[in-house]
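# Structural overview
Chain by chain, the residues:
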Amino acid sequence: MEFRITDRDIDPAALLRSLGDTRAGACVTFEGRVRQQNDGRGVKSLDYEAFVPLAEKEGMKILDEAREKHAVLDILCVHRTGSLALGDLAVWIAVTAEHRGAAFEACRYVIDEAKARVPIWKKEHYADGSTEWINCATRGPGASGAAPA
Amino acid sequence: MKKSVRVSYFAILREQRGLGTEQVATEASTAAELYEELKTRHGFTLPGTRIRVAVNDDFQPWSAEVREGDSLAFLPPVAGG
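Owing to the predicted nature of the structure, the values given are computational and were not obtained by experimental measurement. (Residues numbered from 1 in each chain as written. Chains lettered and ligands numbered in written order. Predicted model: local features only at pLDDT ≥ 70, side-chain atom pairs only at ≥ 80, totals over all residues. Heavy atoms only, no water.)

Turning our attention to the interface of chain A and chain B. With 30 residues of chain A in contact, the opposing surface of chain B contributes 22 residues. Our enumeration of links across chain A and chain B arrives at three salt bridges. Two residues, Asp-58 of chain B and Lys-57 of chain A, come together in a salt bridge whose shortest N-O distance is 3.2 Å. Applying the counting criterion to the chain A and chain B interface returns 16 residue pairs in polar contact (both at pLDDT 80 or more). Looking at the side of chain A that touches chain B, the elements that each hand over two or more residues are strand 4 (41-50), helix 2 (52-69), helix 3 (100-117) and strand 8 (120-126) of chain A. (Contact = heavy atoms within 4.5 Å. Salt bridge = Lys/Arg side-chain N within 4 Å of Asp/Glu carboxyl O. Polar contact = N/O pair within 3.5 Å; in protein donor to acceptor, adjacent residues only side chain to side chain. Helix = DSSP H or I, 4+ residues; strand = E, 2+ residues; numbered from the N terminus.)

Right under this line is the structure:
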């Protein structure tokens, strides 16, 4: 089990090799990628920033919770920091389990909780040259602090 | 008496402050008082209700006491994934 913040490109093939386990009948992976639009605005690139020691600590807590709730064998989650281009991998999660149900559910739990709790921030750079820290607006529709779906 | 603490800012707070980490001398007794002091001094836009605080690399309640030598981090609403 590992939750890691990295400023390097994520290499899923290499990460998957570390999850080899013949007890596992299932391996579910999730890729979060940089999307070209958000809330109807054209996105050019993203910056991610993290409070690394606490992000890794809170991330590990989430993995422990996922393992308590679901019968999984191993979980690996890697999240990027730094400047990312469209299509780049921002977050990658893999869960191995004896059976697929637990693997799917644990994977969903990890990404949902990570988005809500781990101290990582995202700044979007838009096609019109403007920028915005997501969820940090103090006026307008995002000002309630509600996270986008 | 003033205490010396290390304060870290992230994301929008880091940009509004113009730096990521600084040493601050303060008479604030709680993390909440320290944030209000710094918010006024630097014009931070986010109210304390939307921020979380970490003391010495762990989440803490706003009522956490500020002690000499502490490291405090002010954390805007997160947006990973």
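This part takes up helix 3 of chain A. End to end, helix 3 of chain A covers 26 Å across 18 residues, agreeing with the expected 26 Å (1.5 Å per residue, within 8%). Restricting attention to buried positions, one finds in helix 3 of chain A the residues Ala-102, Ala-103, Ala-106, Cys-107, Tyr-109, Val-110, Ile-111, Ala-114 and Arg-117 of chain A. Buried-residue contacts for helix 3 of chain A involve strand 1 (2-6), strand 2 (26-33), helix 2, strand 5 (72-80) and strand 7 (89-97) of chain A together with strand 4 (58-60) of chain B. (Expected span 1.5 Å × (residues − 1). Buried < 20%, exposed > 50% of the residue type's maximum accessible area, 1.4 Å probe, protein only.)

All names here are of chain B. Spanning 12 residues, helix 2 (residues 31-42) covers 16 Å between terminal C-alpha atoms, matching the ideal 16 Å at 1.5 Å per step. For helix 2, the set of buried residues is Ala-31, Leu-34, Tyr-35 and Leu-38. Looking down the long axis of helix 2, one finds its buried residues gathered within 100 degrees of arc, a one-sided arrangement. Buried residues along helix 2 sit in contact with strand 1 (3-9), helix 1 (11-17), strand 2 (21-26), strand 3 (52-55) and strand 5 (71-75). (Arc of directions from axis to C-beta.)

Let us look at the environment of Gly-129 of chain A. Looking at where Gly-129 of chain A falls in the secondary structure, it is placed in the loop between strand 8 and strand 9 (131-133). Separated by 20 residues in the primary sequence, Gly-129 of chain A and Tyr-109 of chain A have C-alpha atoms spaced 35 Å apart.

So, about the sheet that holds strand 4 of chain B. Residue and element names in this part refer to chain B. An order of 2-1-5-3-4 is seen for the five strands of this open sheet, with the pairing classed as mixed. The sheet is open, and its two edges are formed by strand 2 and strand 4, each paired on a single side. Shown here is a sheet whose adjacent strand axes are inclined to one another by a mean of 35 degrees, direction ignored. Bridge analysis of strand 3 against strand 5 gives four bridges, and the strand direction is antiparallel. Counted as the bridge partner of Ala-54 is Ala-73 from strand 5. (Pairing = 2+ DSSP bridges. Axes fitted to C-alpha atoms, helices over the stretch in contact; angles between N-to-C directions.)

The strands making up a sheet are joined through hydrogen bonds of the backbone, oriented either antiparallel or parallel. All names here are of chain A. Read across the sheet, four strands follow the order 1-5-7-2 without closing on themselves; strand pairing throughout is mixed. Among the strands making up the open sheet, the edge pair consists of strand 1 and strand 2. Averaged over all adjacent pairs, the angle separating strand axes in this sheet is 10 degrees, with direction ignored. Looking at chain direction, strand 1 and strand 5 are connected through five bridges and run parallel. Residue Arg-4 lies in a different strand from strand 5, and its bridge partner there is Val-78. Along the sheet, helix 2 makes contact with strand 1 and strand 5, crossing strand 1 at roughly 150 degrees. Contacts from helix 3 reach strand 1, strand 2, strand 5 and strand 7 within the one sheet, and its direction differs from that of strand 7 by about 150 degrees.

On to the environment of Arg-100 of chain A, then. If you trace the backbone, Arg-100 of chain A turns up in helix 3. Each C-alpha atom, one on Arg-100 of chain A and one on Val-72 of chain A, is 9.3 Å from the other, the two residues being 28 residues apart in sequence.

Of all hydrophobic cores here, the largest spans 35 residues; its most connected members are Ile-93, Val-95 and Val-110 of chain A. For this core, the secondary-structure elements that each account for two or more residues are strand 1, strand 2, strand 4, helix 2, strand 5, strand 7, helix 3 and strand 8 of chain A. The element contributing the most residues to this core is helix 3 of chain A, with eight residues. Not counting the four nearest positions on each side in its chain, Val-110 of chain A is found in contact with Ile-62, Leu-63, Ala-66, Ile-75, Cys-77 and Ile-93 of chain A. In this structure, Trp-121 of chain A together with Leu-34, Phe-44 and Ala-73 of chain B belong to the second largest nonpolar core, which totals 32 residues. (Core = buried A, V, L, I, M, F, W, Y, C linked by side-chain atoms within 4.5 Å.)

Next up on the list: the packing of helix 2 of chain A against helix 3 of chain A. Residue and element names in this part refer to chain A. Contact geometry for helix 2 and helix 3: axes closest at 9 Å, N-to-C directions at 150 degrees. It follows from the interaxial angle that helix 2 and helix 3 lie roughly antiparallel. With respect to the hand of their crossing, helix 2 and helix 3 are arranged in right-handed fashion. From helix 2, Glu-58, Lys-61, Ile-62, Leu-63, Glu-65, Ala-66 and Lys-69 reach across to helix 3, where they touch Ala-106, Tyr-109, Val-110, Glu-113, Ala-114 and Arg-117. Of the residues contributing to the contact of helix 2 with helix 3, the split by class is seven nonpolar, no polar and six charged. (Parallel < 35°, antiparallel > 145°, perpendicular 65-115°, else oblique. Left-handed = near helix turned anticlockwise from the far one by under 90°. Nonpolar A, V, L, I, M, F, W, Y, C, P; charged D, E, K, R; others polar.)

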